[in-house]
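Close look at the chain arrangement
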Amino acid sequence: MWSLFLIIATFVACFVPSFQQFPRRCATREALLSKECCPSWDGDGSACGASSGRGFCQDVQAPTQPDGPQYPFSGVDDREKWPLVFYNRTCQCAGNYMGFNCGDCKFGFFGANCNERRESVRRNVFHLSRAEMSQYISYLNLAKNTMSTDYVVVTGTYEEMENESNPMFANVSVYDVYVWMHYYVSRDALLGGPGNVWTDVDFAHWAPGFLPWHRLYLLHWENDIRKLTGDMSFVMPYWDWRDAGDCDVCTDELMGARSPGDPDLLSPGSVFSSWKVICSQPGAYNERGVLCDASQEGPLRRNPGNHNRNLVPRLPSSAEVAFTLGLRDYDTGPMDRTANMSFRNTMEGFGDPSTGRGSSTRMGMHAAIHVFMNGTMSSVQGSANDPIFLLHHAYIDSLYEQWLRVNQPSQSEYPDSGAPIGHNGDYNMVPFLPLYKNREFFLSSKELGYEYSSLQDSNTLLVESMNPHMENLLQVWPWLLFVGLLGAAVAVLMTVGVNAMRRYYQAPGKGRSPFPEREPLIPAYGMEEEAAVHKSYQTAM
């Protein structure tokens, strides 16, 4: 039955749009040479659905504000002023429409005209029922084993593609598109030739865009799972790792237990033990001066807890989370890993979660979980290969949301200029197509159509936490009912048998009763009254 579902879901996936960059229809030689990515919308056949007023093909507006000093180059990396190296015209969608061809609805909306509000709730993974947990794992595995029919990933630089006259792209699965995105946005800058790279650059980490970028990333991933499976009610869960003594999601029922034969691998009992990783060897790519080619590079690796304890003593505590949430300023100073008393830098893990000082010698918060996993997830560029990445970042996003609700910053508080390259407010987020700006996701999740159960009222949270236990109770209630009825039947039979024996031995000439009376329960008023009392007591029994 499950195999049939996989076939049907894969078939359906071939006909629904996705969102990540390099749509297939924009990865042709003709599209690249024209520098235009304005695919037609199937609903009316016009570019960007212009005939239906959904959007228009327009020039890309490049950011003009100065970047910080961390990246001292210009014109050497394809991600600079994204996406101008590849395209200078893309679809700009109107109203509540979204997508590379304006064929979908903005986050938080659905319906034929994208005018119905969506309200989703992301829940603690341990509050899911067994059926919901199993479904989540199945969806992950389906995405890993279903080829993306709408997107390809780039495997060569603009220079290697001979100014786009020789396209270099690869096919990957729906899941691996996201693995590649996280690699591409965080990779080192290639300056030309083997080993010639600039490492102090990241378009999604180490700076203000860290939280908005990952918020957008998760929204797209969640939306693509809905389209792949046809389950429009799907909502991703999160893992609350505060005060955890170990990786409590590392079980075969969830993210995979440790293999008994090799502690660096996953248990054969987990579906994830068969997964192969991509883009997980940044050192090798840098030595050769090339991009990841999206080929498989071996099994998923994880050995939680057997990491460098000097770098990460333990998983973050509730007190450290509370301290971090109490920092009022979103970002400070140079807005990088040295930023002091910065909510973003401390949440990302480079500020001390007890003092707020930047450039911490120990990793905290977000970074601590990556280091703790001691495997594929411990490399920034390859970390999205591990499905724990999604649960982890969903929880980071929930903490980001909690901070936003407490402080209620305006979008103008997000930095306009001076942030490391890729992180200013009006910078187009790499490598998304359609285009989004960092500042657009510096707002509450409620505006984007989703909520976190941990931020709801206590009664709702209590009901949610009881759901798995209620499911277990419902699964065993037939047996409990059977045992109860059986026990009642045995009790009735024993009572009837005892009473029958009493009557037998109380009859004249039947000898001494095996149930002698010790003392009357009530004073006797004569033999007739005593017989009446015994009769009444027996009736009650």
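Residues numbered from 1 in each chain as written. Predicted model: local features only at pLDDT ≥ 70, side-chain atom pairs only at ≥ 80, totals over all residues. Heavy atoms only, no water.

On inspection of all chains with the given rule, the structure shows seven disulfides. Each disulfide pairs two cysteine sulfurs, and for C26 the partner residue is C37, the sulfurs being separated by 2.1 Å. Classification of the bridge connecting C26 and C37 rests on its S-S torsion, roughly 85°, and on that basis the disulfide is right-handed. Of this pair, C26 sits in the loop between α1 (2-13) and α2 (29-34) while C37 sits in strand β1 (residues 36-37), and the two are eleven residues apart along the sequence. C26 sits in the buried class, given a relative accessible area of 2%. The class of C37 is buried, set by a relative accessible area of 3%. (Disulfide = S-S within 2.5 Å. Helix = DSSP H or I, 4+ residues; strand = E, 2+ residues; numbered from the N terminus. Buried < 20%, exposed > 50% of the residue type's maximum accessible area, 1.4 Å probe, protein only.)

The next thing to look at is the sheet that holds strand β2 (residues 55-59). Backbone-to-backbone hydrogen bonds pair the strands of a sheet. The strands run either parallel or antiparallel. Taken in spatial order, the three strands make up an open sheet running β1-β3-β2, and their pairing is mixed. Every other strand in the sheet has two partners, leaving β1 and β2 as the edge strands with one partner each. Note: β1 against strand β3 (residues 89-93), two bridges, orientation parallel. Within β3, the position partnered with E36 by the bridge is R89. (Pairing = 2+ DSSP bridges.)

Three- or four-residue spacings in an α-helix give side chains the same orientation, since the helix completes a turn every 3.6 residues. Most of helix α9 (residues 365-373) is tucked away, with nine of its nine residues classed as buried. Taken together, the buried positions of α9 are M365, H366, A367, A368, I369, H370, V371, F372 and M373. Those residues of α9 that are buried are in contact with α5 (210-229), α7 (318-325), α8 (343-348) and α10 (388-407). With its phi angle positive at about 50°, N374 sits one or two positions after the end of α9. (Contact = heavy atoms within 4.5 Å.)

Membership of the largest hydrophobic core comes to 121 residues, with the highest contact counts inside it found for L140, Y217, W221, M255 and L390. Ranked by residues supplied to this core, first place goes to α10 with eleven residues. Apart from residues lying up to four places away in sequence, Y217 is in contact with Y178, V179, M181, H182, A384, F389, L390 and F432. With five residues, the next largest nonpolar core counts C38, C48, C57 and C102 among its residues. (Core = buried A, V, L, I, M, F, W, Y, C linked by side-chain atoms within 4.5 Å.)

Here the focus is a nonpolar patch on the surface. On the surface, a nonpolar cluster with roughly 290 Å² of combined accessible area is contributed by L486, V490 and M494. Tracing the backbone shows L486 in helix α11 (residues 458-506). For L486, a relative accessible area of 46% translates into the label partly exposed. (Patch = residues over 30% accessible without salt bridge, like charges linked within 9 Å, V, L, I, M, F, W, Y side chains within 5 Å. Areas by Shrake-Rupley, 256 points an atom, 1.4 Å probe, with all protein chains shown as cover. Salt bridge = Lys/Arg side-chain N within 4 Å of Asp/Glu carboxyl O.)

With that out of the way, let us pick up the environment of S410. Residue placement: S410 occurs in the loop between α10 and β13 (450-452). C-alpha separation for the pair S410 and R439, spaced 29 residues apart in sequence, amounts to 9.9 Å. Engagement of the side chain of S410 in a polar contact is seen with the side chain of S412, the distance being 2.6 Å. (Polar contact = N/O pair within 3.5 Å; in protein donor to acceptor, adjacent residues only side chain to side chain.)

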